[in-house]
Amino acid sequence: MHPAPSVIAFTVLSGLGFGFLAFLGAGLVVPTGWAAFWVWGLGYGFAVVGLLASTFHLGNPKNAIRAFSQWRTSWLSREGVFAVVTLLVLAPVALFEIFGGFPLASLGWPGALLSLVTVFCTSMIYAQLKTVPRWNQWLTPVMFMTFALTGGAILSGFNVLSILLCVVLTAVLVAIFNTGDKRLAESGSTMETATGLGKIGKVRLYEAPHTGTNYLMDEMIYVVGRRHARKLRVIAVAFAAILPALVMLIAPEGSLLGIALALIFHLTGAAAARWLFFAEAEHVVGLYYGAR
Amino acid sequence: MTYRQPALDTSPKVSDEIRKTTCYMCACRCGINVHLKEGRVAYIEGNRDHPINKGVLCAKGSSGIMQVTAPSRLRHPMKRVGPRGSGEFQEISWDEALELAVSWLKPLREKDPEKMAFFTGRDQSQSLTSFWAQAYGTQNYAAHGGFCSVNMAAGGIYTIGGAFWEFGAPDWDRTKLFVLFGVAEDHDSNPIKMGIGKLKTNGGKVIGVNPIRSGYNAVADDWYGVTPGSDGLLTLALVHELFQAGKIDLEYLARFTNAPCLIKTEDGPENGLLLRDADDKLLVIDKRSGKPVPFDTPGVQPDLGATHKGCRTVFQAMAEKYLDEKYAAEAVAERVGISAERIKGFAAELARVAFDEAIELDQPWTDFRGDKHEKMIGRPVSFHAMRGISAHSNGFQTARALHMLQVLLGAVECPGGWRMKPPYPKPVEAHPKPHCGVTPGKPLNGPHLGYPLGPEHLALKEDGSPSRIDKAFSWENPLSAHGMMHMVISNAHAGDPYKIDTLFLYMANMAWNSSMNTRAVIEMLTDTGEDGEYVIPRIIYSDAYSSEMVAYADLILPDTTYLERHDCISLLDRPIGEADAAADAIRWPVVEPDRNVRGFQSVLIDLGARLGLPGFVNEGGGAKYKDYADYIVNHERRPGVGPLMGFRGNGEAVGRGAPNPDQIKRYIENGAFFLAHMPEDGSYFKPWNKSYQDWAVKIGLFDAPSPYLFSLYSEPMRRFQLAAEGHGDRQPPDHLRDRLKRAMEPLPCWYTPFGDEDAEDYPIHALTQRPMAMYHSWGSQNAWLRQIHGQNPLYLPTAIWEKHGFAEGDWARVSSPHGEIVVPVAHMAGLNPNTVWTWNAIGKRKGAWALEENAPEATKGFLLNHLIHELLPAKGDGLRWSNSDPVTGQAAWFDLRVKIEKVAARHQTEPNLPSIKSPVPKAPKHRRQGEEA
Amino acid sequence: MTELPQSTTRKLGLVIDLDICVGCHACVTACKGWNTENYGSSLADMDAYGEDPSGTFLNRIHSYEVQPTGGGCSQTVHFPKSCLHCEDAPCVTVCPTGASYKRAEDGIVLVNEDACMGCGLCAWACPYGAREMDRAAGVMKKCTLCVDRIYNENLPEVDRVPACVRTCPSGARHFGDFADPDSNVSKLVADRGGMDLMPELGTKPVNKYLPPRPKDRPAAAPLTPIADVKATGVAGFLDRLLEKL
Ligand SMILES: Nc1nc2c(c(=O)[nH]1)N[C@H]1C(S)=C(S)[C@@H](COP(=O)(O)OP(=O)(O)OC[C@H]3O[C@@H](n4cnc5c(=O)[nH]c(N)nc54)[C@H](O)[C@@H]3O)O[C@H]1N2
Ligand SMILES: Nc1nc2c(c(=O)[nH]1)N[C@H]1C(S)=C(S)[C@@H](COP(=O)(O)OP(=O)(O)OC[C@H]3O[C@@H](n4cnc5c(=O)[nH]c(N)nc54)[C@H](O)[C@@H]3O)O[C@H]1N2
Ligand code: SF4
Ligand code: SF4
Ligand code: SF4
Ligand code: SF4
Ligand code: SF4
Ligand SMILES: [Mo]
């Protein structure tokens, strides 16, 4: 799939935002006053910027409001609904902390849960797609959730938890890279099933329907070089998990500098991982174009 | 929750108006319904009532809307102001343009009309253009058939009095086996597709003989990946098999062909000609009496096995020739690239369907001898062939061999077989002969083109040298019935046979895809002599679009598009039609041009009047016709016979009748075409069918019934052989004698194509194919079609692909004895192992067609033409023959031999000619309905 | 609306005959032409005369080569592809706005452009590449099964078929109701073994493909000579041959 910057920004930032909001909502971090303003602002900021980014790739954003209507069937719709509900539910919590100086657990806990549900919904937008076997597995939501929690933990300044989550994230990434590579083959979809010509024999593309590109090819058929991908995977794991863990190991608990450094590493790694998530995902439509 | 869905208007208004006319996105000429909205063309669909396409349209037809609105359309008459090729033009008025043309053409006509050469491309108004050229008085006129497929036309006409092209068709409703030789698309585009679909749906079978398995060959049930240039040999091997097994329609041969005619044996100028009586009628031996009688004697039973005073029948000569072991499947297998077993299977399949699945129609008919037949016997095998056969230097003989094979099966003009469309069948004798009698200031002494029956009909000067600039109808290519447009520029440049002054071209992209040796042709067009003048001093050109050729003309006469003008698809020309009906059609301006352009035919008529040409001026010297529409209605070729057959006289007359001022109106009301069905008992066996012959006379196809025998043995060819042997007073130059003896064999034969002389160093055959969705160079200006074919790789067979270690995205250098190109390659498995190919005419010159300079057509696209020379490499005697069939002069495009080497991938194909300045404004970036500008 | 209807009264769709499709692209441009003027916004062509032309098409022809498992020469198959109007259409259920829907009365899958936000998710969900975003209009485009033709009272009855079907020169495209076992399409599917594309994905396509008939079948037995020419000579052979007359 084409790794569109807006979608990478959307999933990475909103994931981080909602992950952090989950920590805040659950009252694991309880800032007050101006600090609360900044901290909640950060959570809301990441979440909202991420959501806004997602609208950049809309062809017709004036209808975006309708995206809330189909929660019964559409994970994208659910994601929208939960995102908004989460932000609304957590708003009083934030306001109480900023102005009242104390947490509002009765709304905070549900808000935290909703945050994670939102991230889960985001992940399901991808995980549900049978057309992209690499995504169509339980590790996809796990990966999104782990990212959200790891980012949240780093932002919350929980060194030990961060390190633990970084270890989990490393494992999840390694797992998803490895299983992902086999998913298309395991899915059973081939050029032969795509064309129905397998009964005759082995199928290859002789001539594409057009010599130029089209929306489908631009969007769904993106080929990353193997060596290139290898390198990026190492970078992704190193930056998203290993470097932040090292920083958190060295930095004193609560050090803003440590948090910032770890976060920058983590976001860089997350962006790389997300880039790979899209770029390495083979859509079965590629089979029709003799590409995968 | 209940399921909700939006309300939808499923009956929206489709358009304001439908205007019916004829497509010209190619020469198939389907009927179209043009839907207009607010006066603009909104949608084009097929006309269901039309005889050609019955409602369907091809990819090009539906894309016509992108052609009539293409940014590449020329807008004004233009005069060249910069050097040739610079693309520097000045827009001028029509009056100025026409006066300029007259100032060039008039003095030439008075003094030296042959210095004006008028050649036209794939237009459909040859009956007008030739009439004009004849009135002008130059012998130098032809259309494009010489580089197209004259082998197929001439091979057919000299053998059976009709040809494939679009001039005949399988009896699609009844045929059970369709054999297709060397066709990618052809002119009969939609009918062939409809036919194949129908046949296969009926459970019939398609055999494809083609080095490449794409398109029609992809749906063929059996595919024979023949080695290019060897179909003649394959065909004669099939003939050998059929002879051996006696699977031949002897009855048919005896009655309808010259197989029972007798070949004279005595030495002298008549040796090898056929025995005739005092009235010049062919003689056959009547089995009942054992006596020679004229072939058309009522009740005659011609004896195929007869001998008479030492003469044998043609049939015996055929048996002797084709039973020879050199035509055995085993003997030819390697050369044709098909195993002996498959060749034998092929022959068996032909015989099985022709004889075991024969059909009978309960349709009594009477033949030309007056003999009555209770039934019509059908051999449900049909053939079609085109340029894969004809574009080789042995194509004429191969085409003859194919027709002979059809005839041996009795599968021509019978139910389930292949039939001709009016005005065919027409014996070769009924065609005009070439004329070259030039008198300054006067018309030519007759039509330019025709079918020579012997050396006496060649177009030679007193000294025996070629009279025509293209050397058509000379000893080099005696039967060049369509002229040799591909030789005009190089001959004129070389001054061989002479220099000309004005080259007048219409609708042919001679500076690009219709020339061999493109780059050199461009140089010839821009070359100057010692005096600084251009070697070809003046070039007038009519095009509708900003093609590559435009930059090389001095005066541009911009044409309309096909929806903006009158046109006439006439029985006098290349008509449309069906095997059981005559048909013709018109085009009319369904929209008015939005530019300062005029229909070329109207311009030609105007020029004719300004030049005072007979036939174009009335007694008072004024213009005889207002425009082409006026000409279509009022011109009469013979009394009562004009360009259109329908609605003549009072509106009811068909074929013959006085001009009817309402004729065009009536055509428009009728869907822009006219169809005249033949009587039911006349629609098969037409060359011999009394009922058909009488009908053809009635509607004016000819003036008296003209039944004839199929010429398995060709006397005209034998007459040229006789000349080569030294008989007669018109004698070929000595260096051509051997070649004539070989090429002019009167029974179909096969010889190695000339291109094979380079086989050792250049082992690979290189071909082009027409893409179904593109028409030559026109397609690339079409915003929809160019997305389908915007570039063309060279397809390589698995063996070559693997041998050179090619991978996707690789490039290759391809060289021929003449030049080299560097191009992208791709792999194709369904391909003859010694053949490479690409789509034809996708490559474009930078700056042409209103495309951006980095358009893939110009950076990744390419022409094979750069590798093909119009002359063959020098022989031992230092002479260079034209790269053409020695019989007809047909350009031998597919004789090309190449070798291949892998090179580093790159961004630009080679040769990369410098870009030309576009004579039209820059195209809009995006196209969206209503937002073009 | 992105729920799928429980069942549809009719199941309209296409049968595509791979045995006679010659790959001419006629259906491609007929579709482009009709849909540029009809249903929803017109189909745009970006960079129409430039380096990288890319337009919206609702139907495209792929060409494949198949190497038969049992050996023999490679076969070429032209393969048209447009929306298959799946019964379990994943493109519909993923749509967040409700723009994508499957009609209850005939099963046609459509995009309501007035509601589409152009997120592209439905195109991701479609395994067949049947949806293309129009880059000028920013809305999702797909085959409408010519819903504005097949019921259109402004068209003569014979023309109430999809534009691609009407134009296909070889007759490789058939339109009809798969819910009716006696319809032309149901019969074709039954007779010729009509097949689903990527059945493993569970989309239950309505459109079916007829597989190519077997190709390059071994030739019939060779012909038997009526005599041995070497023994009889041509003259003797001819006598034998002409006896038949
Ligand atoms: N390598 C290779 N070369 C080939 C062939 C091949 O098979 N292989 N095939 C050969 C054959 S058979 C042919 S017929 C030629 C064809 O080659 P050309 O005759 O050059 O054919 P086109 O490119 O179709 O168009 C000729 C010109 O007609 C112009 N034109 C289009 N419509 C109109 C109109 O309405 N009015 C006027 N006045 N002009 C118009 C076009 O703009 C174009 O410039 O190519 C030959 N060249
Ligand atoms: N869509 C479309 N239709 C067209 C045209 C177009 O440009 N586009 N052009 C029109 C014109 S001007 C013409 S002349 C006709 C020509 O129509 P076709 O005769 O179909 O011409 P080509 O496309 O040149 O195809 C030649 C075929 O012959 C095969 N071939 C080459 N050499 C051999 C051989 O030695 N033996 C055999 N058996 N096969 C061989 C090639 O593989 C190819 O398939 O098409 C007309 N129709
Ligand atoms: S075959 Fe196509 S381009 Fe040619 S006349 Fe017919 S519809 Fe037009
Ligand atoms: S083919 Fe694709 S777009 Fe059409 S219904 Fe099926 S999933 Fe949806
Ligand atoms: S692009 Fe339009 S139709 Fe497709 S899922 Fe998004 S909103 Fe729905
Ligand atoms: S049914 Fe209509 S919209 Fe669908 S592919 Fe055919 S022409 Fe296009
Ligand atoms: S129009 Fe018919 S034959 Fe041509 S590509 Fe489409 S389905 Fe195939
Ligand atoms: Mo041609």
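Residues numbered from 1 in each chain as written. Chains lettered and ligands numbered in written order. Predicted model: local features only at pLDDT ≥ 70, side-chain atom pairs only at ≥ 80, totals over all residues. Heavy atoms only, no water.

**Let's talk about the overall build of chain B**
To keep it simple, the criterion reads: Numbering of helices and strands runs from the N terminus; a helix is a DSSP stretch of H or I covering at least four residues, while a strand is a stretch of E covering at least two. Each residue is placed in one exposure class: buried if its accessible area under a 1.4 Å probe, protein chains only, is under 20% of its type's maximum, exposed if it is over 50%, and partly exposed if it falls in between. Working rule for contacts: check all heavy atoms of both residues, and any pair within 4.5 Å makes them a contact. Surface accessibility in these figures is a Shrake-Rupley result with a 1.4 Å probe; residues are shielded only by whichever protein chains are displayed. Asp and Glu count as negative and Lys and Arg as positive, but His and the ends of the chain are not part of the count. Note that the charge is assigned to NZ on lysines, CZ on arginines, CG on aspartates and CD on glutamates.
For chain B, the helix and strand inventory stands at 26 helices and 35 strands. Principal-axis analysis of the C-alpha atoms places the extent of chain B at approximately 90 × 80 × 70 Å. Here chain B holds 933 residues, and 69% of them are scored as buried. Once local pairs closer than 6 in sequence are excluded, the contacts in chain B between residues at least 24 apart make up 70%. Of the roughly 28400 Å² of accessible surface on chain B, 48% is carried by carbon and sulfur atoms. On chain B, the mean spot of the 103 positive side-chain charges and the mean spot of the 114 negative ones are 3 Å from each other.

**Here we look at the overall build of chain C**
So the rule is basically this: Here the globule rule reads 2.2 Å times residues to the power 0.38, and the radius of gyration is calculated from C-alpha atoms.
Looking only at helices and strands, chain C has seven helices and eleven strands in total. A compact globule built from 245 residues would reach a C-alpha radius of gyration of about 18 Å, whereas chain C, at 24 Å, exceeds it by more than 25%. Each of the three principal axes of chain C carries a C-alpha extent, and together these read 85 × 50 × 40 Å. Going through the 245 residues of chain C one by one, you find that 69% of them count as buried. For chain C, the accessible area works out to roughly 7500 Å², and carbon and sulfur atoms hold 52% of it. Chain C carries 25 positive and 31 negative side-chain charges, and their two centres are separated by 4 Å.

**Comments concerning the packing of aromatic side chains**
Spelled out, the test is: Under the pairing criterion, centres of Phe, Tyr and Trp rings, with the six-membered ring standing for Trp, must be within 6.5 Å; the plane angle then separates stacked pairs below 30 degrees from edge-to-face pairs above 60, leaving the rest tilted. Two limits define a charge over a ring: the Lys NZ or Arg CZ must be within 6 Å of the ring centre, and within 35 degrees of the ring normal.
With the rule as written, the count across this model stands at 66 aromatic pairs over all chains. On the numbers, 5.1 Å between centres and 85° between planes, the contact of Y126 of chain A with W135 of chain A is edge-to-face. Classification of Y126 of chain A by relative accessible area gives buried; the value is 3%. W135 of chain A sits in the buried class, given a relative accessible area of 0%. Centre to centre, the rings of Y708 of chain B and F710 of chain B are 6.1 Å apart; their planes meet at 55°, and the pair counts as tilted. Classification of F710 of chain B as buried rests on a relative accessible area of 0%. A cation over an aromatic ring shows up here: R274 of chain A above the ring of F144 of chain A, its NZ or CZ 4.2 Å from the ring centre.

**A word on the interface of chain C and chain A**
Counted only if it meets this: Defined here as a combined quantity, buried area equals the accessible surface (1.4 Å probe) lost by two parts on assembly, summed across both. Should a side-chain nitrogen of Lys or Arg be within 4 Å of a carboxyl oxygen of Asp or Glu, the pair is scored as a salt bridge. Here a polar contact is taken to be a pair of N or O atoms separated by no more than 3.5 Å, where protein atoms must pair a possible hydrogen donor with a possible acceptor and residues adjacent in sequence count only if both atoms sit in side chains. Two strands are said to pair when DSSP picks up at least two bridges between them.
Taken together, the 60 residues of chain C in the interface contact 61 residues of chain A. For the pair chain C and chain A, the summed buried area comes to about 4700 Å², and 59% of that belongs to carbon and sulfur atoms. On the chain C side of the contact with chain A, Y64, M117 and W124 of chain C bury the most area, a combined 17% of that side's loss. Scanning the region where chain C abuts chain A turns up three salt bridges. A salt bridge links R72 of chain A to E3 of chain C, with the shortest nitrogen-to-oxygen separation between them at 3.2 Å. Between the two partners, chain C and chain A, sit 29 residue pairs in polar contact (both at pLDDT 80 or more). Within the residue set of the side of chain C that touches chain A, elements represented by two or more residues are β4 (60-68), β5 (75-81), α3 (121-125) and β8 (131-133) of chain C. Examining the composition of the side of chain C that touches chain A, we find that nine residues originate from one element, β4 of chain C, more than from any other. Sheet topology note: the strand β1 (residues 201-207) of chain A/β4 of chain C ladder contains six bridges and is antiparallel. Bridging from a neighbouring strand, V203 of chain A pairs with V66 of chain C of β4 of chain C.

**A word on the pairing of β4 of chain C**
All names here are of chain C. Summarising burial for β4: eight of the nine residues are buried, a large majority. In this structure, β4 lies alongside β5, joined through seven bridges in antiparallel fashion. Paired with E65 across the two strands is T76, which belongs to β5. Remark: six residues form the turn of the hairpin made by β4 and β5, two consecutive strands paired antiparallel; G71 in that turn has positive phi of roughly 90°.

**A few points about the interface of chain C and chain B**
Contacts between chain C and chain B engage 90 residues on the former and 94 residues on the latter. When chain C packs against chain B, the two sides together hide about 7600 Å² of surface, and 58% of this comes from carbon and sulfur. The tally of links from chain C across to chain B stands at eight salt bridges. Of the charged contacts, one joins E37 of chain C and K37 of chain B as a salt bridge, the two residues approaching to 2.7 Å between their closest N and O atoms. Looking at the side of chain C that touches chain B, the elements that each hand over two or more residues are α1 (26-37), β2 (45-46), β3 (54-55), β5, β6 (100-102), α4 (147-150), α5 (163-167) and α7 (229-243) of chain C.

**Brief notes about the pattern of salt bridges**
A full pass over the atoms with the stated rule returns 94 salt bridges over all chains. Counted as one network, the salt bridges with shared partners bring together K176, K205, D222, E349, R352 and E357 of chain B.

**Examining the site of ligand 6**
All names here are of chain C. This is how the line gets drawn: Neighbouring residues are identified by heavy atoms, a residue being near a molecule or strand if any of them is within 4 Å of it. Gly falls in the polar group here, along with every residue not listed as nonpolar (Ala, Val, Leu, Ile, Met, Phe, Trp, Tyr, Cys, Pro) or charged (Asp, Glu, Lys, Arg).
In the vicinity of ligand 6, the contacting residues are C31, N35, N59, S82, C143, T144, L145, C146, P162, A163 and C164. Contributions of two or more residues to the shell around ligand 6 are made by α1 and α5. In terms of residue class, the shell around ligand 6 is built from seven nonpolar, four polar and no charged.

**As for unusual backbone geometry**
With omega at 15°, the peptide bond leading from D496 of chain B into P497 of chain B counts as cis. Here E910 of chain B and P911 of chain B are connected by a cis peptide whose omega angle stands at 0°. The phi angle at A672 of chain B is positive, at roughly 75°, despite the residue not being glycine. Examined against the element boundaries, A672 of chain B turns out to sit in the loop between α20 (663-669) and β29 (673-677). In this structure A672 of chain B comes out as buried when scored by relative accessible area, which is 0%. In this structure, C146 of chain C takes a positive phi of about 50° despite not being glycine.

Interpretation in functional terms is not warranted from these geometric data alone.
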